Amino acid sequence: GILLLDAAGRSRGLVPVAPLPSFLNLSEWFASSVASVGDLDGDGIVDLAVGAPLFALGPNVPSYGAVYLTFLNPDGSPRTLARITRNAGGFTGSLGDYANFGSSVLGAGDLDGDGTGDLIVGAPGDDAQQGSVWAVYLDPKKLVKGQRKLSVPGSRGFGSSILQLDDLDGDGVRDLAVGALGSPAGGSVWILHMNADQTIKATRELPGSALLPTGSSGFGASLALIDDTDGDGRRELAVGVSGYLVGNYEPGAVLILSLNADGSVASQHTITTQSGGFPSVLSHLGGFGYGLACPGDLDGDGHRDLVAAAQDRNAGSTGVGDILEAVYAASDGDLLMVEPGTYDDPVVEGKALSLVARDPDQTRLTQPLEVRNTPADGRVLIRGVRAEGLVLEDNPGLVWIEDLDAGGSLRKSRIVNSARVVLQHVSLESSGSHDGQPELDVSGSSVSLFDCWIRGLSGGLPGPGSPAVSAVSSFLYVAGGSLLGGDGWIGNCAPGGAALSIDGDAVLFDATLRAGANPCTGTVAPAIARAPGASVRRVQGHFLSVATPAVLNPGDPFTISVRGPRATPVWVGIASTPTAFHLSASGLTSLLRQPVQISFLGTTDSNGTLVGTLPMPPLPPGFEFQTTVLQAIALELPRGGSPTGGKAGVVGTPRWILGAGSQTQALGD
């Protein structure tokens, strides 16, 4: 449709280019590109050229692509359409199969001096995906009166986008920029220095790999010309990069390039999520920069403005959200509440925050949970999700993960160069490669396992079972839970895997370690495979689970019940953070209340129960409901012993709610 704007750039109406002729098929991708070609038929109304790059003459026939000259009525609706394609509309050029002619369209002005506006059309699939650009000379009476093909040997996807530049080299002829999205450099933009007859005088490739972060793609998705920002007398080139990467986050970007006379880049400026003067948070896979246009000076400041489109590749997905996007938008100390659903990109990088599932049984991550680069003075807490394994790398700060289920994962887990890691109630058992490698591979890290269940895979070719845990140059503390080595492969009577393979230091506190067996002989491998110099210590006592209430009433005491052996000394560490909420017409506000942290020693009664009470302050005036985030650990002590273990408090304002298939919602401070 035709979007009508007011002087400030606001929409004042949409005129649909419809009803369209019955010969149009939606599968043609009609309106993938649009350009003004001036008043072709002399009726005083500007006409359009509209690309349809998947046009085909019929079913089971290769598509060539097409451009429709669209002659408009005064109200912007279409009066007639005329198709230009292979052997139609006067076009006699040789378009290859699947040429995608019409992927880009440029109203180039009068190229041949006959007083009629002409076109430049991109065909990025032409010549077996090398791509081409066509100068199309128009005649109102017979549509196309001639054409000229432009191509660059060795390019890929040449013609994905087209822009007419200023006269860069001062020869009196305007030059061209052409996008080539198929370039292995993450996309390229070709600068074409042109002759007056629309032949190419010289070329320069601007590869995306030289201008973008490693792994980015989509450089040259769109092109636009903006005002001269550096005073060199030449307007700047804006390039859309729909796959621009910011770490592991892919929001897209727009690059502003200042060009030298030879087409090389003199300087560049990047506009992307919360960067380059752009204040908003962009979606991961949002495709920002997919389209560009320069509609003029919208705000009256004397500078022409830029409109950037985004092709959100998350749109239309059902029940799939994006954790990476929410993490990027969050601040240190935030609590992300994850609604039930299925989530992509579960990556927490460089942040200190909490990620808590509202319903652990209904919250699934489609990939391994990854935590990287936690600040040295920060803490990441993740609770209550199903994941395809676990990857923790390069974390100077504390990483605390609890109630995580990776049973049936296709990937094994690893912890690398992480100074303080706590896994509590974590289940790891992959179903992938039977390669004898450990289910959890720890290196250069300090890791505590509280009540975890980790099982190594049974052996396949070449045979041995997998250890449950391998720790190299690491400290490992295991309290409760089970480490189970995998059995060997019966095909060659291979040995089972150890429960723990240690090349470092380990402390075991009431943990079950059982190695796998040789299936032919029944011989069980040693539970602990200890490298020379490794240290393994066992501590008397038992790790106990902690029962907590599901619902907390405002102002009521908060009771924790611990169950264990009768008449046994127990140490309990508790940290809780109450948050009060007020819902009004202006929105939801929250108040983080004073964190409460206590620890106490007690003795279970004759029924094996120890009850602890945490005082909860009443709701402040005007607030309507209250939630509490709790962390608690209980350890049984040997008679006359001292506490072994630790505790971690969950501290942070619940400031974000992450819902599957929806945008992250800010709840306020």
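The numbering scheme is per chain: residues are counted from 1 as the chain's sequence reads. Two thresholds apply to this predicted model, a pLDDT of at least 70 for residue-level local features and 80 or more for giving and counting side-chain atom pairs, whereas whole-chain, interface and lining totals are computed over all residues. Only hydrogens and water are set aside; all other atoms, that is, all heavy atoms of the structure, feed into the side-chain values.

Visitor: Got a minute to help me understand the overall build of the protein chain in this structure?
Guide: What the protein chain contains, in helices and strands, is two helices and 49 strands. Here, residues are in contact when the closest pair of their heavy atoms is within 4.5 Å. Nonlocal contacts in the protein chain, meaning residues at least 24 apart in sequence, comprise 54% of its contacts between residues at least 6 apart. For accessible areas, the Shrake-Rupley method is used with a probe of radius 1.4 Å. Any residue's cover is judged against the shown protein chains and nothing else. By element, 52% of the accessible surface of the protein chain is carried by carbon and sulfur atoms, the whole surface being about 27800 Å². Starting at the N terminus, helices and strands are each numbered in turn, a helix being any DSSP run of H or I of at least four residues and a strand any DSSP run of E of at least two.

Visitor: Honestly, the pairing of strand S18 (residues 265-271) in this entry has me stumped. Any pointers?
Guide: On a regular strand, each side chain points to the face opposite its neighbour's, so the side chains alternate between the two faces of the sheet. Relative to S18, strand S17 (residues 253-259) runs antiparallel, the two sharing six bridges. If you follow Leu259 over to S18, its bridge partner there is Val265. Two strands qualify as a pair provided that DSSP identifies no fewer than 2 bridges between them. Taken together, S17 and the strand that follows it, S18, pair antiparallel across an intervening segment of five residues, in which Gly263 is found at a positive phi of about 90°.

Visitor: Any chance you could explain the pattern of salt bridges here in plain terms?
Guide: Here, a salt bridge means any side-chain nitrogen of Lys or Arg that lies within 4 Å of a carboxyl oxygen of Asp or Glu. Tallied over the full model, the rule gives 20 salt bridges. Between Asp41 and Arg79 there is a salt bridge; the shortest N-O distance is 2.4 Å. One end of the pair, Asp41, is in the loop between strand S3 (33-38) and strand S4 (47-52); the other, Arg79, is in strand S6 (residues 78-84), with 38 residues separating them in the sequence. Look at the salt bridges and you will find they share partners, linking Glu370, Arg372, Glu393 and Arg414 into a network.

Visitor: How do you make sense of the state of the cysteines when you look at a structure like this?
Guide: Linking two cysteines covalently via their sulfur atoms produces the bond known as a disulfide. Criterion for a disulfide: a pair of cysteine sulfur atoms within 2.5 Å. According to the stated counting rule, one finds one disulfide in the structure shown. Paired by a disulfide, Cys493 and Cys520 hold their sulfur atoms 2.1 Å apart. Here the S-S torsion is close to -85°, and the disulfide linking Cys493 with Cys520 is therefore left-handed. Of the two residues, Cys493 sits in the loop between strand S35 (482-484) and strand S36 (500-509) while Cys520 sits in the loop between strand S37 (512-514) and strand S38 (528-530), which places them 27 residues apart along the sequence. Under the relative-accessibility criterion, Cys493 is labelled partly exposed at 37%. Three labels apply to residues, based on accessible area from a 1.4 Å probe with only protein chains included: buried if under 20% of the type maximum, exposed if over 50%, partly exposed otherwise in between.

Visitor: Would you take a moment to explain the nonpolar core for this structure?
Guide: In a soluble, globular protein the nonpolar side chains are often hidden away together inside. We define a nonpolar core as any set of buried Ala, Val, Leu, Ile, Met, Phe, Trp, Tyr and Cys residues linked to one another through side-chain atoms lying within 4.5 Å. Counting residues in each nonpolar core, the largest one holds 51 residues, and the members touching the most others are Ile401, Leu423 and Leu483. Per-element accounting of this core gives the leading share, six residues, to strand S29 (residues 390-409). Those residues in contact with Leu423 that sit more than four places away from it in its chain are Leu390, Ile401, Ile415, Leu440, Ser448, Leu449, Phe450 and Cys452. Membership of the second largest hydrophobic core comes to 23 residues, among which are Leu69, Phe91, Trp134 and Val144.

Visitor: Would you mind going over the sheet that holds S18 with me for this structure?
Guide: Read across the sheet, four strands follow the order S15-S16-S17-S18 without closing on themselves; strand pairing throughout is antiparallel. Only two strands of the sheet have a single neighbouring strand rather than two, namely strand S15 (217-226) and S18. Averaged over all adjacent pairs, the angle separating strand axes in this sheet is 25°, with direction ignored. Examined bridge by bridge, strand S16 (residues 236-243) and S17 share five bridges and lie antiparallel to one another. Each bridged residue has a counterpart across the sheet, and for Gly240 the counterpart in S17 is Val254. Here the axes come from fitting lines to C-alpha atoms, over the contacting stretch only for helices, and the angles between their N-to-C directions go from 0 to 180 degrees.

Visitor: Before we go on, may I ask you to explain the sheet that holds strand S12 (residues 176-180) in this structure?
Guide: Hydrogen bonds between backbone atoms are what pair the strands of a sheet, whose relative direction is either parallel or antiparallel. Pairing within the open sheet is antiparallel, and its four strands lie in the order S11-S12-S13-S14. Taken across any chain shown, the strands that pair with only one partner, and hence form the sheet edges, are strand S11 (158-164) and strand S14 (200-207). Across the sheet, the mean angle from the axis of one strand to that of its neighbour is 25°, orientation sign disregarded. In this structure, S11 lies alongside S12, joined through five bridges in antiparallel fashion. Across the sheet, Gln164 pairs through a bridge with Leu176, a residue of S12.

Visitor: What am I meant to see in the side chain of Ser63 here?
Guide: Take Ser63: it is sitting in the loop between S4 and strand S5 (66-72). Contact partners of Ser63, with chain neighbours within four places excluded, come to Leu54, Phe55, Ala56, Asp97, Tyr98 and Ala99.

Visitor: Whenever I open this one, the confidence of the model for the protein chain confuses me. Can you help?
Guide: Caution applies to low-pLDDT parts of the model: their predicted coordinates are not meant to be read in detail. Per-residue confidence from the predictor is given as pLDDT, running between 0 and 100. On average, residues of the protein chain score 79 in pLDDT, and 74% of them are at 70 or above. pLDDT under 50 marks residues 313-320. Its contacts with residues more than four places away, or in other chains, come to 16 contacts.

Visitor: How should the packing of aromatic side chains be read in this particular structure?
Guide: Two aromatic rings are characterised by how far apart their centres lie and by the angle between their planes. Aromatic pairs are defined between Phe, Tyr and Trp rings, using the six-membered ring for Trp, whenever the two ring centres lie within 6.5 Å; interplanar angles under 30 degrees are classed as stacked, those over 60 as edge-to-face, and all others as tilted. This structure, assessed with the given rule, holds five aromatic pairs. Ring centres of Phe91 and Trp134 lie 5.2 Å apart, and the angle between their planes is 65°; on these two criteria the pair is classed as edge-to-face. Note that Phe91 is positioned in the loop between S6 and strand S7 (104-109) and Trp134 in strand S9 (residues 132-139), a separation of 43 residues in sequence. Across this residue pair, the class does not change: Phe91 and Trp134 are buried. Taken together, the ring pairs connect Phe91, Phe101 and Trp134 into an aromatic cluster.

Visitor: Looking at this structure, I do not really get the environment of Ala221. What am I missing?
Guide: If you trace the backbone, Ala221 turns up in strand S15. A relative accessible area of 14% means that Ala221 is categorised as buried.

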